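Fold and contact review
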Amino acid sequence: MSFAPDLTEILARARADMRLGVPVVLSDGARAAVVMAVETLGPQRLADALALGQADLAITEHRAATLKTAAYDGDLVRLAVPDGAGLDWVQAVADPADDLRVPIKGPFKARRTGDAVLHRAGIRLAKAARLIPAVLVVPIANGAALAGEHGLTLIGAAQAMTTDLSPLAPVIHAKVPLEVSEAGRLHIFRPEDGAEEHYAVEIGSPDRSKPVLARLHSACFTGDLLGSLKCDCGPQLRGALSQMGAAGEGVLLYLNQEGRGIGLANKMRAYSLQDQGFDTVEANHRLGFEDDERDFRIGAELLRKMGFSKVRLLTNNPAKVERLEHCGIEVVERVPLKVGENRFNHHYLATKAKKSGHIL
């Protein structure tokens, strides 16, 4: 008998630790390092980490490009933390909030030799925790001993880098009469790794043997709930449900991947950068993220769990069609959903069309 956590649970602990500002220990064979998310790093833990030895600040290549620093490791940069650097310096390099006010933060010393495996795994964990993708990495001699002494989560770099989709389990479903249809039903699905739950709104009783009118809708607190005019998410949500109500059947998958998968806090950081004149993609890159961090395998898995294999997909995004089909869901038709343009989101929609390939 063992009550020890399995790998899935250890990964969940590591994400939670990073959000709390608690260090984790990453290992890769004989190498190990103490890793901390810059966003939640405090002054005392920074001092303790620097006392262990030479520290690196790992940032993504997108953030490095903003700082005019070459990415010798391809997808990331390892910056040596200079002597005397404090928390202000570390966080200013990671967070673009003050880039326009303080554009020069260097000179930087980027490492060109050695391995970036532990740095890369740390950034992956930070992203999974919905934090700014920047981590402090301090190599140590014995990761297991330090983790045991301080009660820290110890995890292998390969495990932290896993791209496997966590299995999704149905939790409960119940009837929910909606404005668009009294024959509404809400399904709740929970991933085994303790991440956000995802929902499916089923309208009517769709025939599982036929293509179902479907939409993959990523959560948008500002647009869906507050009626924000900066995006077209709210009108798309309500427009999709209205079409399903008129048709008498359909399924809307509500995926908790706020801000194209970067989380609400980072989405607001991106909004702040947009106020400085950057478009959606540029803002994401300045923060260190990809254009789109969402995982549409989740939508495909939910459709399979509900018994659907063919869809008529309500979307303006050809990438959704491609990704669903790659996951084994047949898209027999792309149904346009062109709603919600206004004077506040015109540039946002133009960027979606130009840089993300949306058909608008």
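Just so we're clear, the structure is a prediction, and the values are computed from it rather than from any experiment.

When the domains of the protein are assigned, the result is domain 1 (7-161) and domain 2 (168-257 + 294-356). Taking only C-alpha atoms, the centre of domain 1 and the centre of domain 2 are 35 Å apart. In this complex, domain 1 contributes 4 residues to the contact, which on the side of domain 2 involves 6 residues. Interface of domain 1 and domain 2: buried area, both sides summed, is about 320 Å²; carbon and sulfur atoms make up 38% of it. When the area that domain 1 buries against domain 2 is broken down by residue, the three leading residues are Thr8, Arg15 and Arg130, summing to 93%. Taken together, the connections running from domain 1 to domain 2 amount to 1 salt bridge. In this structure, Glu196 and Arg130 form a salt bridge, with 3.6 Å as the shortest nitrogen-oxygen distance. Linking domain 1 to domain 2 there are 1 residue pair in polar contact (both at pLDDT 80 or more). Of the residues assigned to the side of domain 1 that touches domain 2, the class counts are 1 nonpolar, 1 polar and 2 charged.

So, on to helix 9 (residues 233-247). In a regular helix each residue adds 1.5 Å, so 15 residues correspond to 21 Å; helix 9 covers 21 Å between its end C-alpha atoms and thus fits that length. Among the residues making up helix 9, those that are buried are Cys233, Gly234, Gln236, Leu237, Gly239, Ala240, Leu241 and Met244. Contact partners of the buried residues in helix 9: strand 9 (198-203), strand 10 (212-218), helix 8 (221-225), strand 11 (250-255), strand 12 (310-314) and helix 15 (346-356). One or two residues past the end of helix 9 sits Gly248, with phi positive at roughly 85 degrees.

On the basis of which strands lie adjacent, the open sheet formed by 7 strands has the order 7-8-9-11-10-12-13 and mixed pairing. Two strands close off the open sheet at either side, each with one partner strand: strand 7 (168-175) and strand 13 (330-335). On average, each strand axis in the sheet is tilted by 25 degrees relative to the strand beside it, whichever way the strands run. This element, helix 13 (residues 297-305), spans strand 7, strand 8 (184-191), strand 9, strand 10, strand 11 and strand 12 of the sheet and lies at about 140 degrees to strand 11.

Note: strand 10 against strand 12, 3 bridges, orientation parallel. Following the sheet pairing, Val212 is matched in strand 12 by Val311. As judged from the 5 bridges shared by strand 12 and strand 13, these two strands associate in the parallel manner. For Val311, the partnering residue across the bridge sits in strand 13 and is Val331. Each parallel crossover has a hand, and for strand 12 linked through helix 14 (residues 318-326) to strand 13 it is right-handed.

The rules we used
- Residues numbered from 1 in each chain as written.
- Predicted model: local features only at pLDDT ≥ 70, side-chain atom pairs only at ≥ 80, totals over all residues.
- Heavy atoms only, no water.
- Domains from an automatic or database assignment.
- Contact = heavy atoms within 4.5 Å.
- Buried area = accessible area lost by both parts, 1.4 Å probe.
- Salt bridge = Lys/Arg side-chain N within 4 Å of Asp/Glu carboxyl O.
- Polar contact = N/O pair within 3.5 Å; in protein donor to acceptor, adjacent residues only side chain to side chain.
- Nonpolar A, V, L, I, M, F, W, Y, C, P; charged D, E, K, R; others polar.
- Helix = DSSP H or I, 4+ residues; strand = E, 2+ residues; numbered from the N terminus.
- Expected span 1.5 Å × (residues − 1).
- Buried < 20%, exposed > 50% of the residue type's maximum accessible area, 1.4 Å probe, protein only.
- Pairing = 2+ DSSP bridges.
- Axes fitted to C-alpha atoms, helices over the stretch in contact; angles between N-to-C directions.
- Right-handed = clockwise from strand over helix to strand, strands pointing away.

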